[in-house]
Amino acid sequence: MTAQIIDGKAIAAELRKDVAAGVEELVAAGKPRPGLATVLVGENPASQTYVRGKQKACAEVGIESFGHTLPADTSQEELESLVKELNADPKVHGILVQLPLPPGLDEEKVLNAISIEKDVDGFHPINIGRLAQKGREPLFVPCTPAGVIKLLKKAGATLEGANAVVLGRSNIVGMPAALLLVKENATVTICHSRTKNLKDVCRAADILIVAIGRAEMVRKDWVKPGAYVIDVGMNRVDDASKKRGYRLVGDVAYEEAAEVAGAITPVPGGVGPMTIAGLLWNTLRSAKRAS
Ligand code: NDP
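This one's a predicted model, so the numbers in the text were calculated from it and none came from an experiment.

Procedures and definitions
- Residues numbered from 1 in each chain as written.
- Predicted model: local features only at pLDDT ≥ 70, side-chain atom pairs only at ≥ 80, totals over all residues.
- Heavy atoms only, no water.
- Helix = DSSP H or I, 4+ residues; strand = E, 2+ residues; numbered from the N terminus.
- Rg over C-alpha atoms; globule rule 2.2 N^0.38 Å.
- Buried < 20%, exposed > 50% of the residue type's maximum accessible area, 1.4 Å probe, protein only.
- Contact = heavy atoms within 4.5 Å.
- Areas by Shrake-Rupley, 256 points an atom, 1.4 Å probe, with all protein chains shown as cover.
- Lys, Arg positive; Asp, Glu negative; His and termini not counted.
- Charge placed at Lys NZ, Arg CZ, Asp CG, Glu CD.
- Pairing = 2+ DSSP bridges.
- Right-handed = clockwise from strand over helix to strand, strands pointing away.
- Near = heavy atom within 4 Å.
- Polar contact = N/O pair within 3.5 Å; in protein donor to acceptor, adjacent residues only side chain to side chain.
- Nonpolar A, V, L, I, M, F, W, Y, C, P; charged D, E, K, R; others polar.
- Expected span 1.5 Å × (residues − 1).
- 1 Å grid on protein atoms, 1.4 Å probe; cavity = no way out; pocket = protein on both sides within 12 Å on 5 of 7 lines; lining within 4 Å.
- Points joined across faces, edges and corners; volume = space filled by probe spheres on them.
- Salt bridge = Lys/Arg side-chain N within 4 Å of Asp/Glu carboxyl O.
- Axes fitted to C-alpha atoms, helices over the stretch in contact; angles between N-to-C directions.

Colleague: How do you make sense of the overall build of the chain when you look at a structure like this?
Modeller: Along the backbone of the chain there are ten helices and eleven strands. Its C-alpha atoms give the chain a radius of gyration of 19 Å, within 12% of the compact-globule value 19 Å for 291 residues. Counting only C-alpha atoms and orienting by the principal axes, one finds that the chain spans roughly 50 × 40 × 35 Å. A total of 291 residues make up the chain; the buried ones form 49% of that total. When contacts within the chain are restricted to residue pairs at least 6 apart in sequence, long-range pairs at least 24 apart make up 67% of them. In the form shown here, the chain has an accessible surface area of approximately 14,000 Å², with 51% of it arising from carbon and sulfur atoms. Here the chain contributes 36 positively and 34 negatively charged side chains, and the mean placements of these two sets differ by 3 Å.

Have a look at this one:
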């Protein structure tokens, strides 16, 4: 069997087009242009790249971005006071504090300080709590897990009643992805570093979501024939043939898994593009709600 390739780049491009159209509609109706504030603390090169990517994506769809860069020795009070200012700023519809924060800063307290109406990353404890509760809806859903669900639906997966396995239980990917799958009426198993017989658990999955940060750990014989495989992992592996000295691979051994899976996301070009598109979508929704 050769798997259907789930083209996250194309699906994200469609979503961005919808966001751009939504922004224009809002502005044409005389409403304020949606605005996203990014907060970057310290000089982590990966974080700098992510923030630049998000600002560029905003510009492409007509969302205004307000960049705030703070030194690594910023105090908890200074950071929270900036968040409060942004909460009160009517031009800002979404606040994104780039994680991880430098050591010494309390991430939970900072996320807690963001107004839930502007929590476009969906990491506020109230939004996550609502995601976990039956009959409650968060104002925003974290962008990467939301992208995972969109990709599954676009690929034609039936989520209701499916046996879904989520490999990884982080706050930003694994756990919210599992909660979203429960909301979609899948039967969900969450795996992590202490799970026994991991391969067998994965091989029973109709839907396999992998978010562990371990290059190509999931092999062909971990995948049930015909399964939908969503690979969230993004790992750099040394590759002297590349100009930059490395290439990006997922947590799934793509070539071999694609021989067995029914559908699979590539890395890059799978989940990654959906994350930023989701952030733009959430910012537009926030601006619409505020107007
Ligand atoms: P974390 O490191 O926060 O979490 C990793 C999870 O995987 C943990 O739950 C851990 O278990 C589990 N795990 C690690 N090693 C193993 C193992 N050998 N066997 C079983 N479980 C294991 O990672 P994130 O969730 O933040 O990210 C996961 C991957 O997704 C990374 O490659 C990251 O770069 C990528 N990512 C991609 C995004 C995108 O937009 N495409 C966005 C965010 C992340 P335990 O809890 O027991 O420690």
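Colleague: Would you mind showing me how to read the pairing of strand β6 (residues 187-191) here?
Modeller: Two strands pair when backbone bridges link them, and strand β5 (residues 163-167) and β6 are joined in this way by five bridges, in the parallel orientation. The partner of Val166 across the bridge, within β6, is Ile190. Each parallel crossover has a hand, and for β5 linked through helix α7 (residues 174-183) to β6 it is right-handed.

Colleague: Can you help me understand the site of the ligand in this one?
Modeller: Contacts to the ligand come from 21 residues, most closely from Arg169, Ser170, Ser193, Met234 and Thr275. A distance of 2.5 Å separates an oxygen atom of the ligand from a polar side-chain atom of Ser170. At 3.5 Å, a backbone N or O of Val232 approaches an oxygen atom of the ligand. Notes on the ligand: free accessible area 930 Å², of which the protein chains cover 72%. Grouping the amino acids of the shell around the ligand by side-chain chemistry returns nine nonpolar, ten polar and two charged.

Colleague: Quick question: what am I supposed to make of helix α10 (residues 272-290) here?
Modeller: Spacing of three or four residues puts side chains on the same side of an α-helix, whose turn is 3.6 residues. Under the 1.5 Å per step criterion, the end-to-end length of α10 is 28 Å for 19 residues, consistent within 8% with the ideal 27 Å. For α10, every residue scored as buried is listed here: Met274, Ile276, Ala277, Gly278, Leu279, Leu280, Asn282, Thr283, Leu284, Ser286 and Ala287. Where α10 is buried, its residues meet α1 (8-28), β2 (35-41), α2 (45-61), β4 (94-97) and α6 (143-154).

Colleague: I'm lost on the side chain of Asn282 in this one. Help?
Modeller: In this fold, Asn282 is placed in helix α10. With relative accessibility at 5%, the residue Asn282 sits in the buried group. Leave out the neighbours within four places in its chain, and Asn282 touches Val120, Phe140, Val141 and Cys143.

Colleague: Before we go on, may I ask you to explain the layout of surface pockets in this structure?
Modeller: Gaps left between atoms show up when a probe the size of a water molecule is rolled over them. The calculated volume of the largest pocket comes to roughly 1,500 Å³. Residue lining of the largest pocket: 48 residues in total, with Tyr50, Thr144, Met234, Gly272 and Thr275 positioned closest to the centre. The set of elements that each furnish at least two residues to the lining of the largest pocket consists of α1, α2, β4, α6, β9 (235-238), β10 (246-249) and α10. Here the element with the most residues in the lining of the largest pocket is α2; it accounts for six residues. Tallied by class, the residues present in the lining of the largest pocket amount to 25 nonpolar, 14 polar and nine charged. Secondary structure elements with two or more residues in the lining of the second largest pocket: α6, α7 and α10. The class makeup of the residues in the lining of the second largest pocket is twelve nonpolar, three polar and six charged.

Colleague: Help me understand the pattern of salt bridges, please; the structure alone is not making it clear to me.
Modeller: Note on pairing: side chains with opposite charge can pair once their charged atoms come close. Evaluated as defined, the whole model comprises twelve salt bridges. Of the charged contacts, one joins Lys153 and Glu184 as a salt bridge, the two residues approaching to 2.9 Å between their closest N and O atoms. Here the residue Lys153 occupies a position in helix α6, and Glu184 occupies one in the loop between α7 and β6, the gap between them amounting to 31 residues. Take Glu184: its relative accessible area is 25%, and that puts it in the partly exposed class. For Asp221, the salt bridge goes to Lys199, with nearest N and O atoms at 3.3 Å. Remark: Lys199 occurs in helix α8 (residues 198-203) and Asp221 occurs in the loop between β7 (207-210) and β8 (228-231); sequence separation between them is 22 residues.

Colleague: What am I meant to see in the sheet that holds β5 here?
Modeller: The pairing of strands in a sheet happens through backbone hydrogen bonds and is either parallel or antiparallel. Overall, parallel pairing links the six strands, which are arranged β1-β11-β8-β7-β5-β6 in an open sheet. Edge positions in the open sheet fall to β1 (4-5) and β6, since each of these has one partner strand only. Bridging between β7 and β8 involves four bridges; their strand directions are parallel. Looking at β8, one finds that Val210 is bridged to Asp231. Along the sheet face, α6 touches β7 and β8 and points at about 150 degrees away from the line of β8. Sitting on the sheet, α7 touches β5, β6 and β7, and the angle it makes with β6 is about 170 degrees.

So far we have only geometry, and geometry alone does not tell us how the molecule works.
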